[in-house]
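So the chains spell out like this:
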Amino acid sequence: MTSPIIARRFEIQGIVQGVGFRPHVFQLATKYHLTGSVANTSAGVIIHAQGLPEAIDAFHHDLVKHPPPLAHIAKVNVYHQAPENCEAFTITKSDGTAEKSALITPDTSVCEDCRQEMFDPGDRRYRYPFINCTNCGPRYTIICDIPYDRPNTSMREFEMCPACQAEYDDPTDRRFHAQPNACPVCGPQVTLFDHRHRPLEDGDSVQKAIDLLTEGYIVAIKGLGGFHLAVDATNESAVSRLRQRKVREEKPLALMTANLKTIRRFAYVTDVEASVLASRQRPIVLLHKRIPNEIAPSVAPRSNDFGVMLPYTPLHYLLLDQEPIVLVMTSGNRTDEPIAIANDDAFDRLADIADYFLVHNRDIYLRSDDSLVRLAAGGVRPIRRARGYVPVPVFLHHEVPPILALGAELKNTVCLTKADRAFVSQHIGDLENVETHRFFIKTIDHLTRILDIHPEIVAFDMHPDYLNTDYARKMTGVTKITVQHHHAHIVSAMAEHGLSEPVIGLAFDGTGYGTDGHVWGGEILIVTPDAFKRVGQLAYVPMPGSTAAIREPWRMAISYLDVAFGDNLWNLNLPFMEQIDPEKIDIIRRMIARGLNTPQTSSLGRLFDGVAALSGIRHRVTFEGQAAMEMEGMAAETKTPYSYEWEETGDYYLIRPEPIIRDVVESLAAGVSVEIVAGRFHATLIRMFTELTIRISQDCGINQIVLSGGVFQNARLLTGLTDSLYAKDLKVYTHSIVPANDGGICLGQAMVAAALA
Ligand code: ZN
Ligand code: ZN
Ligand code: FE
């Protein structure tokens with residue numbers, strides 16, 4: 001007896017376009033002898049499937065449990081239908097307009113199948129640097145419009161040869177509908193140039209580039225989301241030459257090497273770190289240095305960590321297949337500018353940095369930096385989110401109107417929402433740079449087009465002078481909503497976890513404009529998406545010279561000494577006091593007394609800076625957070641805190657910095673090592689904020705704690721605070737999708753605006 005044929009309609013939403021979803025469905029349907037069709041529509045992938053009930057069930061199960069590697073299924077709706085008269089299973093051709101709302105996938109590292117083919121001398125793509133398939137290769141960076149089809153990508157310049165076309169057309173081939181499909185006959189090619197844009201007469205450009213790297217030359221290499229500047233990472237004179245030419249004083253340079261085994265020669269790698277390194281997103285992962293090691297000292301001076309990534313393009317694998325086996329791969333830009341993506345632009349801007357250029361003729365439409373993560377408090381913590389992750393959305397628990405959120409001024413990213421999805425852009429950078437500001441505008445244009453979003457609301461920071469505030473002011477026909485910086489920080493972490501009930505938010509960072517016009521950054525807030533109440537803060541201290549106090553932490557040190565000791569600071573027996581010219585100390589104190597260019601700040605980032613300067617770690621920084629990073633790096637393992645205190649007025653808590661500063665000074669005057677001082681300072685913050693959070697939790701009956709803000713890039717603080725709050729039965733949430741720093745703020749702005757709209 002045969003069961004009757006049944007029919008079902010499956011509506012699948014999520015990342016189901018450009019990921020080989022239809023051929024995958026086709027193959028599954030064939031496996032279970034189903035008839036029907038699969039199509040891409042504006043509502044996602046629609047499948048009409050008919051066959052035996054058991055077969056339909058098995059098909060359904062496989063579809064959900066084993067989707068193609070790059071797919072992300074957000075939702076499946078299944079409807080009963082009457083069987084139709086159909087003989088076979090077919091893939092319906094895309095009709096263009098219907099596919100506009102489907103999601104675009106990130107650029108994905110070369111898959112194992114393709115990598116093996118590339119190193120197979122018998123394969124027609126042997127050593128071809130642009131090999132890819134349905135499961136790997138460029139996506140986001142080569143798309144200029146939707147639907148995602150070859151004519152809407154930078155691959156439109158290359159007409160497929162008959163062999164490639166046959167793969168593309170064959171539903172059983174692993175390159176079926178792989179839009180960037182190419183081979184040495186029909187696809188993009190690499191070419192090597194010298195820095196005067198003269199091509200090198202040589203057969204194998206890649207081999208020649210490797211030889212040049214071995215000889216210590218700096219080679220600009222065009223990658224997936226932009227140019228890198230590469231040198232042999234073990235060659236100190238080459239690395240320091242790159243630093244000088246790039247005018248990059250101290251920020252660590254990223255490394256790339258072919259495999260984990262090589263990484264383990266110079267850094268410690270845990271199992272989790274290994275899996276993140278090898279994930280298809282291939283981020284740069286911060287790893288503890290092994291000492292001694294073979295890496296040139298100027299790769300990451302004064303840091304305990306190396307930023308390391310594995311190869312992600314076929315070209316990287318070719319380059320790292322032989323000596324030199326560790327390359328510095330730093331972004332191809334001058335410090336503070338966005339990375340070069342176009343060949344002409346690279347020849348222009350990098351000509352006096354790079355000795356040679358290894359370029360190719362596949363255009364990059366949208367710049368995308370390497371992503372950067374570290375592992376802390378049991379999870380992956382993004383520091384810079386770009387290539388490999390963007391444009392995967394944050395899936396929300398409810399639908400929101402179309403919103404554009406403009407982010408912060410530094411580490412800028414923007415967010416666009418559509419229904420139950422929030423798309424956070426790739427890292428854009430610091431908007432005060434003109435080129436970066438252009439990139440900001442281009443990214444908004446590009447994302448609104450490829451995501452087909454027409455914002456009705458624009459959300460932006462309250463800061464009156466932010467450059468993005470200016471952009472918002474000029475927009476017309478949209479509702480404008482301003483969002484407080486730290487409110488946005490906390491709500492952005494809430495959005496990752498789908499939280500909407502009130503939470504206690506610890507928002508710790510360097511700088512954010514407060515509702516009272518002061519510079520906030522050490523805030524305890526009770527937060528819902530639509531509102532916040534400040535219930536605690538670090539007491540305000542003067543910030544002499546405003547932003548100069550960020551670049552020169554010694555100014556903050558004077559400010560804290562002034563608060564803690566007044567005129568007695570002159571009597572302190574402290575190495576710091578001997579290092580600073582007394583006249584300068586006088587000037588700073590007069591600025592403070594008169595309030596000249598001296599805003600008030602409650603920033604925890606500045607407290608870190610001040611203590612780092614007092615300890616002699618550094619008096620000036622070349623990038624924000626540098627002093628705090630170094631202090632974290634040298635902090636000894638200790639749980640002994642310094643004294644701390646807060647004033648309590650009603651339900652409001654004001655943390656006084658004086659006791660901490662006095663204890664730090666006493667330690668230093670007694671000759672205690674910087675390592676111990678740094679360790680005890682961390683222990684103080686952990687103990688103090690745990691105790692205070694428990695108090696506030698008892699006051700308000702809220703036991704969900706959310707940690708956000710750039711200070712939480714500090715793994716010691718994040719891990720210590722998370723552990724100690726957990727131990728007190730509080731639920732602790734932080735970031736694992738977007739950065740805790742200002743790179744995640746646009747998500748929170750969008751969610752606040754959605755709640756207020
Ligand atoms: Zn592949
Ligand atoms: Zn071909
Ligand atoms: Fe911030």
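Cut-offs used in this document
Residues numbered from 1 in each chain as written. Chains lettered and ligands numbered in written order. Predicted model: local features only at pLDDT ≥ 70, side-chain atom pairs only at ≥ 80, totals over all residues. Heavy atoms only, no water. Helix = DSSP H or I, 4+ residues; strand = E, 2+ residues; numbered from the N terminus. Rg over C-alpha atoms; globule rule 2.2 N^0.38 Å. Contact = heavy atoms within 4.5 Å. Lys, Arg positive; Asp, Glu negative; His and termini not counted. Charge placed at Lys NZ, Arg CZ, Asp CG, Glu CD. Phe/Tyr/Trp six-rings, centres within 6.5 Å; stacked < 30°, edge-to-face > 60°. Buried < 20%, exposed > 50% of the residue type's maximum accessible area, 1.4 Å probe, protein only. Lys NZ or Arg CZ within 6 Å of the ring centre and 35° of its normal. Donors = N, O, S within 2.8 Å, 3.2 Å for Na, K, Ca; no water. Tetrahedral: all angles 85-135°; square planar, octahedral: opposite > 155°, others 65-115°. 1 Å grid on protein atoms, 1.4 Å probe; cavity = no way out; pocket = protein on both sides within 12 Å on 5 of 7 lines; lining within 4 Å. Points joined across faces, edges and corners; volume = space filled by probe spheres on them. Nonpolar A, V, L, I, M, F, W, Y, C, P; charged D, E, K, R; others polar. Domains from an automatic or database assignment. Buried area = accessible area lost by both parts, 1.4 Å probe. Salt bridge = Lys/Arg side-chain N within 4 Å of Asp/Glu carboxyl O. Polar contact = N/O pair within 3.5 Å; in protein donor to acceptor, adjacent residues only side chain to side chain. Pairing = 2+ DSSP bridges. Axes fitted to C-alpha atoms, helices over the stretch in contact; angles between N-to-C directions.

**A look at the overall build of the protein**
Step number 1: Along its length, the protein carries 23 helices and 29 strands.
Step number 2: For a compact globule of 757 residues, the expected C-alpha radius of gyration is about 27 Å, and the protein comes in at 28 Å, within 12% of that figure.
Step number 3: With the C-alpha coordinates aligned to their principal axes, the bounding extent of the protein is approximately 95 × 65 × 50 Å.
Step number 4: The long-range share in the protein, meaning contacts at least 24 apart out of those at least 6 apart in sequence, stands at 71%.
Step number 5: Put simply, the protein has 73 plus and 91 minus side-chain charges, and the middle of one group is 1 Å from the middle of the other.

**Some details on the packing of aromatic side chains**
Working definition: an aromatic ring pair is given by the centre-to-centre distance plus the angle between the planes.
Step number 1: Tallied over the full model, the rule gives 14 aromatic pairs.
Step number 2: A ring pair is formed by Tyr-217 and Tyr-356, whose centres lie 5.4 Å apart and whose planes are at 85°; its orientation type is edge-to-face. With Tyr-217 in the loop between α5 (205-214) and β7 (219-222) and Tyr-356 in strand β13 (residues 356-360), this residue pair connects regions lying 139 residues apart in the sequence.
Step number 3: Given a relative accessible area of 18%, Tyr-356 falls into the buried group.
Step number 4: Judged by centre distance (4.4 Å) and plane angle (45°), the ring pair of Phe-508 and Phe-689 falls under tilted. Residue Phe-508 is found in strand β21 (residues 503-513), and its partner Phe-689 is found in helix α21 (residues 674-700); the two are separated by 181 residues along the sequence. Accessibility classification places Phe-508 together with Phe-689 in one group, the buried group.
Step number 5: Chaining the aromatic ring pairs together yields one cluster made of Phe-193, Phe-347 and Phe-357.
Step number 6: Sitting over the face of the ring of Phe-439, Arg-367 holds its NZ or CZ atom 4.5 Å from the ring centroid.
Step number 7: Cation over ring: Arg-534 sits above Trp-520, and NZ or CZ is 3.7 Å from the ring centre.

**Observations concerning the environment of Ser-42**
Step number 1: Mapped onto the elements of the fold, Ser-42 is located in the loop between β2 (35-41) and β3 (44-51).
Step number 2: We classify Ser-42 as partly exposed; its relative accessible area is 48%.
Step number 3: Residues Ser-42 and Ala-740, spaced 698 residues apart in sequence, show a C-alpha to C-alpha distance of 33 Å.

**Quick word on the coordination of the iron ion (ligand 3)**
Step number 1: Every protein donor of the iron ion (ligand 3) is listed here as His-485 (NE2), His-489 (NE2), Asp-509 (OD) and Asp-742 (OD), and their distances to the metal cover 2.1 to 2.2 Å.
Step number 2: Written as a sequence motif, the donor arrangement for the iron ion (ligand 3) is H-x3-H-x19-D-x232-D. Taken together, the residues span a long stretch of sequence, with His-485 in helix α13 (residues 485-497) and Asp-509 in strand β21 at a distance of 24 residues. Side by side, His-485 and Asp-509 carry an identical accessibility label, which is buried.

**Some words on the coordination of the zinc ion (ligand 1)**
Step number 1: The protein atoms that coordinate the zinc ion (ligand 1) are Cys-111 (SG), Cys-114 (SG), Cys-133 (SG) and Cys-136 (SG), at distances of 2.2 to 2.4 Å.
Step number 2: Classification of the site at the zinc ion (ligand 1) rests on its 4 donor atoms, whose angles at the metal span 105 to 117°, yielding the label tetrahedral.
Step number 3: Summarised as a motif, the one-chain spacing of the donors to the zinc ion (ligand 1) is C-x2-C-x18-C-x2-C. A residue pair is termed long-range when its members are at least 10 positions apart, and Cys-111 in the loop between β5 (89-91) and α3 (112-118) and Cys-133 in the loop between α3 and α4 (162-169) qualify at 22 residues.

**Side note on the layout of surface pockets**
Step number 1: Roughly 390 Å³ of internal volume is contained in the second largest pocket.
Step number 2: Contributions of two or more residues to the lining of the second largest pocket are made by β14 (372-376) and β15 (379-384).
Step number 3: The biggest single contributor to the lining of the second largest pocket is β15, with 3 residues.
Step number 4: Here the lining of the second largest pocket is built from residues that sort into 11 nonpolar, 8 polar and 3 charged.
Step number 5: Residues from two domains meet in the lining of the second largest pocket; each of domain 1 (6-91) and domain 2 (104-385) gives at least three.

**A short note on the domain arrangement of the protein**
Step number 1: Looking at the assigned domains, one finds that the protein contains domain 1 (6-91), domain 2 (104-385) and domain 3 (538-690).
Step number 2: Taken together, the contact pairs 12 residues of domain 1 with 13 residues of domain 2.
Step number 3: For the domain 1 and domain 2 pair, buried surface summed over both sides reaches about 1100 Å², with 63% attributable to carbon and sulfur atoms.
Step number 4: The three residues of domain 1 that bury the most area against domain 2 are Gln-17, Pro-69 and Leu-70, which together make up 43% of that side's buried surface.
Step number 5: Along the contact surface separating domain 1 from domain 2 lie 0 salt bridges.
Step number 6: Taken together, the links from domain 1 to domain 2 amount to 1 residue pair in polar contact (both at pLDDT 80 or more).

**Some details on the side chain of His-485**
Step number 1: The exposure class assigned to His-485 is buried, which follows from its relative accessible area of 0%.
Step number 2: Looking at His-485, its side chain comes within polar contact range of the side chain of Asp-509, at 3.1 Å.
Step number 3: With near-sequence residues (within four places) excluded, His-485 lies in contact with Ala-408, Asp-461, Tyr-466, Asp-509, Thr-511, Gly-512, Tyr-513, Asp-742 and Ile-745.

**Some words on the pattern of salt bridges**
Step number 1: One pass over the structure, following the stated rule, counts 36 salt bridges.
Step number 2: Arg-534 is the salt-bridge partner of Glu-523, the closest N and O atoms lying 2.7 Å from each other. Pair noted here: Glu-523 is in strand β22 (residues 519-528) and Arg-534 is in strand β23 (residues 531-538), with a separation of 11 residues, a long-range link.
Step number 3: Of the residues examined, Glu-523 reaches a relative accessible area of 0% and is grouped as buried.
Step number 4: Overlapping salt bridges, with partners in common, bring together Glu-117, Arg-124, Arg-125, Glu-167, Arg-174 and Arg-175 in one network.

**Focus on unusual backbone geometry**
Step number 1: Following Glu-323, the chain continues into Pro-324 via a peptide bond in cis, with omega recorded as -5°.
Step number 2: In this fold, Pro-324 is placed in the loop between α9 (314-319) and β12 (326-331).
Step number 3: Its identity is not glycine, yet His-33 carries a phi of approximately 55°, on the positive side.
Step number 4: Of note, His-33 is situated in the loop between α1 (21-31) and β2.
Step number 5: For His-33, a relative accessible area of 69% puts it in the exposed group.
Step number 6: Although it is not a glycine, Ala-419 sits at a positive phi angle of roughly 50°.

**What to know about the sheet that holds β2**
Step number 1: The mixed open sheet is built from 5 strands, whose spatial order is β4-β1-β3-β2-β5. Whereas interior strands pair on both sides, the edge strands pair on one side only; in this sheet they are β4 (72-81) and β5. Strand-to-strand twist across the sheet, computed as the mean angle between neighbouring axes with direction ignored, equals 15°.
Step number 2: The pairing of strand β1 (residues 6-15) with β3 spans 7 bridges and is classified as antiparallel. What sits directly across from Glu-11, in β3, is Ile-46.
Step number 3: The sheet contacts of α1 involve β1, β2, β3, β4 and β5, and relative to β5 the element is tilted by about 175°.

**A few points about the sheet that holds strand β11 (residues 305-309)**
Step number 1: Sheet architecture is open: 10 strands sit in the order β6-β13-β7-β8-β12-β9-β11-β10-β14-β15, paired in mixed fashion. The open sheet terminates on both sides in strands that have one partner only, identified here as β6 (190-194) and β15. Between one strand axis and the next, the sheet turns through 35° on average, direction left out of account.
Step number 2: Sheet topology note: the strand β10 (residues 284-288)/β11 ladder contains 4 bridges and is antiparallel. Its bridge partner lying in β11, Leu-286 is registered against Gly-307.
Step number 3: Packed on one face of the sheet, helix α8 (residues 271-278) meets β10, β11, β14 and β15 and runs near 155° to β10.

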